[in-house]
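Here is what each chain is made of, one letter per residue.
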Amino acid sequence: MNLHTRSLRMNSLSLGIAILSSLALLPAFAQTGSEHKPAWMNNRLSPDERAALVVKEMTLDEKISLLHGTGMATLGPVSPLAVKSNGGAGYVVGIPRLGIPAIQMSDAAYGVRNSGENGRYSTALPDDLAGAASWDLDAAYEYGALIARELRAQGYNMSLGGGINLAREPRNGRTFEYMGEDPVLAGTMVGQVMKGEQAQHVIGDIKHYALNDQESGRNAVNVNIDKRSMRESDLLAFEIGLRESNAAAVMCSYNRVNGDYACENKYLLTDVLKKDWGFKGFVVSDWQATHSAAKASAAGLDHEEPGEIFYGDTMKKAVESGKVPKAELDEHVHRILRSMFASGVIDDPPEKSVVDVEGGFEVAQKIAEQSIVLLRNEHSQLPLEVSKVGSIAVIGAHADVGMISGGGSAQVDPPGGNAIMPPGKGKPAWQAHIWFPTSPLKAIRAKAPHANVQFDPGTDAASAAALAKTADVAIVFAYQWESEGMDLDSLSLPDRQDDLIAKVAAANPNTIVVLETGSPVTMPWADQVSGILEVWYAGSRGADAVARVLFGEVNPSAKLPITFPKSEADLPHPILVKPPKASTTNGEPDAWKTIAKGLPPFQVTYDEGLKVGYKWYDAERKQVLFPFGYGLSYTTYSYSDLKVTPGKSVHLSFKVTNTGDRAGAEVAEVYAVLPESAGEPPKRLVGWSKVKLNAGESKEVKIELDALYLSIFNVERDAWQLIPGDYTFLVGGSSQSLPLKEAVNLK
Ligand code: BGC
């Protein structure tokens, strides 16, 4: 026998063994239609029934394989199986013998991440805070649907987006990834985004659960907060988001909450999420937020990412030794499988295809137009009238070539490359400043082809002011960049831009400031300029949206989802707590080991409690720069005829009239003042409606209020409770402009 035949023999022998062993593992098949398919492929069964049938067939190793990803360099060991990853942040191997596909996860906060790196393309939508500023349910749905379509086209079946940590700390470097400071707004909007995603058959994920409100020391910080405050604010946002959408996954966060890591916190994961809210999906840890097997498993963590530090061999041994009960293991597996069935990724797996680039641009622009907030418009400076503007000075923020975007794991790669780098250069590195190639200068020139439109980079305030002096109008673009992995030092614009704006405003009374920011900023020059637009990180087609607003083709209709304070001194915590050295790593190659073991905690105490955002400024009677819910329009609105009808749920009706001379859309906001005995901040948002109105038109708005939004969380009873008493309802166009008021007694 020569070597060749020997090896052939060996091969056929091992093949025989393999066939025998897989025959032993052959699943129960049922007759469905003309083909033989496993019983769980019958989509008339419920996701739970289908998952239960699969679990019964699985070996211990197969079960363990579903509990973790295949690793990511720098965050622990990488499995050889990772070669089949689609290039996203997470990859969970499938079980082909049972027809269970792999889970391919990609970050997708404002678009699909890493597409450039993987030779693909994705649209950058305006950031999540911008999405929230639209207060537009259809826009939020479309936001999710677009992301999911592009995920599927790129071969992913799970999205890692849906950030809704409330902005207790607006200097948080991820504020742009979240949906502002109010739980009803953030929860409702993320619910729509998730609905849009899951309707496309992508597993949706809401994150970071919970209270990961600052990046500094995120792997070590212990957040202290009382139960009532977290249930009524931070957790309520998740509760609403999940209730609205049945999002299939929740990502637990890096930080500790009241002593335990969020990913091994029984109160958060089991008592509240799984039991009280009846969450049927699975909990996935943030990337390296798992710190144990048995403790995390018992607390309710279902799946570890990115690798298998605890949920691989360690978990297997824990199951074999009985430390982790088999039923607990099966529940984790069941939740993952049931989520896959429920979201349709098994019946309708994604197929790679060409991303609809033009369609993406259209959606991105439409949402940007709905999310731009007009903050100031003295003497009706805006909209600009093409026939009356002979010259425009465009200044600052690389407005000749692009617009800034938010960094970290949310970063969408800029098609066409980073606008301030030479073509083909500028691979988006972690925390690089990425400017999307959408040029405000070009967009403005296109709108005003006969005007003399000049650009000054704004790096020298004197030169910018000199140009501004020669122009009819000066438009200063200003930016504040932020990213995951850092917090802002302050809410001031960086790079001496305050000085630039003040000098330009002194040179030209018709100065308009366009803010590209991820967080609120302070504006020492606010009274000196005639117009201010907050355009956030405006995405792939930001420049066109801004130009259409500047020239009145779009009437601004967005409202602030976050308060703009006058100064950091007015924040609940004027100084952001930084970690001591011992609670950080220096990014050394094996830092993951130290993180896995657990860094020594340091304390951040949210003693402002229920008073998040506007509730703080209201209660403390602090004046703000621009309040929550605020935003101007090129037309004006009036409110009248409020009627409040108590009953099983409270019904409100009122009239909104467009009293100006152009069509617009008004976000009509409803706030409730709870009875004194409830012990609540002065008022809370309980509903809204975005109403489209032609010039002179009136519409009756009807809103049914959710009892949950009027309730308080009673810690002794461990339940929500509607306090009987007098409730006052306030209606209007901003949290500080509420012309309608009516009190009713609720029992
Ligand atoms: C972030 C998550 C992200 C994950 C995967 C983490 O650093 O906190 O939001 O989904 O990485 O990239």
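Residues numbered from 1 in each chain as written. Predicted model: local features only at pLDDT ≥ 70, side-chain atom pairs only at ≥ 80, totals over all residues. Heavy atoms only, no water.

A. Region of the structure containing helix H13 (residues 357-371). Taking 1.5 Å of rise per residue, 15 residues should cover 21 Å, and H13 covers 21 Å from first to last C-alpha, within 8% of that figure. Across the 15 residues that make up H13, a large majority, 11, are buried. Along H13, the residues that are buried comprise Gly359, Gly360, Phe361, Val363, Ala364, Gln365, Ile367, Ala368, Glu369, Gln370 and Ser371. Buried-residue contacts for H13 involve helix H4 (128-133), helix H5 (137-153), strand E12 (373-377), strand E19 (531-534), helix H17 (542-550) and strand E26 (684-693). (Helix = DSSP H or I, 4+ residues; strand = E, 2+ residues; numbered from the N terminus. Expected span 1.5 Å × (residues − 1). Buried < 20%, exposed > 50% of the residue type's maximum accessible area, 1.4 Å probe, protein only. Contact = heavy atoms within 4.5 Å.)

B. Fine view of the sheet that holds strand E18 (residues 511-517). Across the sheet, six strands lie side by side as E12-E19-E18-E17-E13-E16; this open sheet has mixed pairing. Edge positions in the sheet fall to E12 and strand E16 (452-456), since each of these pairs with one other strand and no more. Neighbour-to-neighbour, the strand axes of this sheet turn through a mean angle of 15°, independent of strand direction. Strand direction decides the pairing type here: strand E17 (residues 473-480) and E18, joined by seven bridges, are parallel. Following the sheet pairing, Ile475 is matched in E18 by Ile512. (Pairing = 2+ DSSP bridges. Axes fitted to C-alpha atoms, helices over the stretch in contact; angles between N-to-C directions.)

C. Representation of the site of the ligand in the model. Surrounding the ligand, one finds 14 residues, the nearest of these being Asp107, Arg174, His208, Asp286 and Glu484. Within the contact set of the ligand, an oxygen atom lies 2.5 Å away from a side-chain nitrogen or oxygen of Asp107. Protein coverage of the free-state accessible area of the ligand, which is 310 Å², stands at 95%. (Near = heavy atom within 4 Å. Polar contact = N/O pair within 3.5 Å; in protein donor to acceptor, adjacent residues only side chain to side chain. Areas by Shrake-Rupley, 256 points an atom, 1.4 Å probe, with all protein chains shown as cover.)

D. Geometry of the packing of helix H2 (residues 47-57) against helix H12 (residues 326-343). Their axes nearest at 8 Å, the elements H2 and H12 cross at an angle of 130°. Considered as vectors, H2 and H12 are oriented oblique to each other. Both H2 and H12 take part in a crossing whose hand is right-handed. Contacts from Pro47, Asp48, Arg50, Ala51, Ala52, Val54 and Val55 in H2 reach Asp330, Val333, His334, Leu337, Arg338, Phe341 and Ala342 in H12. Per-class residue counts for the contact of H2 with H12 are nine nonpolar, one polar and four charged. (Parallel < 35°, antiparallel > 145°, perpendicular 65-115°, else oblique. Left-handed = near helix turned anticlockwise from the far one by under 90°. Nonpolar A, V, L, I, M, F, W, Y, C, P; charged D, E, K, R; others polar.)

E. Summary view of the packing of aromatic side chains. According to the stated counting rule, one finds 13 aromatic pairs in the structure shown. Through pairs of rings, three or more aromatic residues link up here, namely Trp135, Tyr614, Phe628, Tyr671 and Trp688. The lysine or arginine in question, Arg541, covers the ring of Phe361, its NZ or CZ lying 4.2 Å from the ring centre. (Phe/Tyr/Trp six-rings, centres within 6.5 Å; stacked < 30°, edge-to-face > 60°. Lys NZ or Arg CZ within 6 Å of the ring centre and 35° of its normal.)

F. View of the confidence of the model for the chain. A residue-level look at the chain finds 95% of positions with pLDDT of 70 or above and a mean pLDDT of 94. Within the model, pLDDT remains below 50 along residues 1-24, and this stretch shows two contacts once partners closer than five positions in the same chain are excluded. The model gives residues 29-34 a pLDDT under 50, and that stretch makes 11 contacts with residues more than four places away or in other chains. (pLDDT = per-residue confidence, 0-100.)

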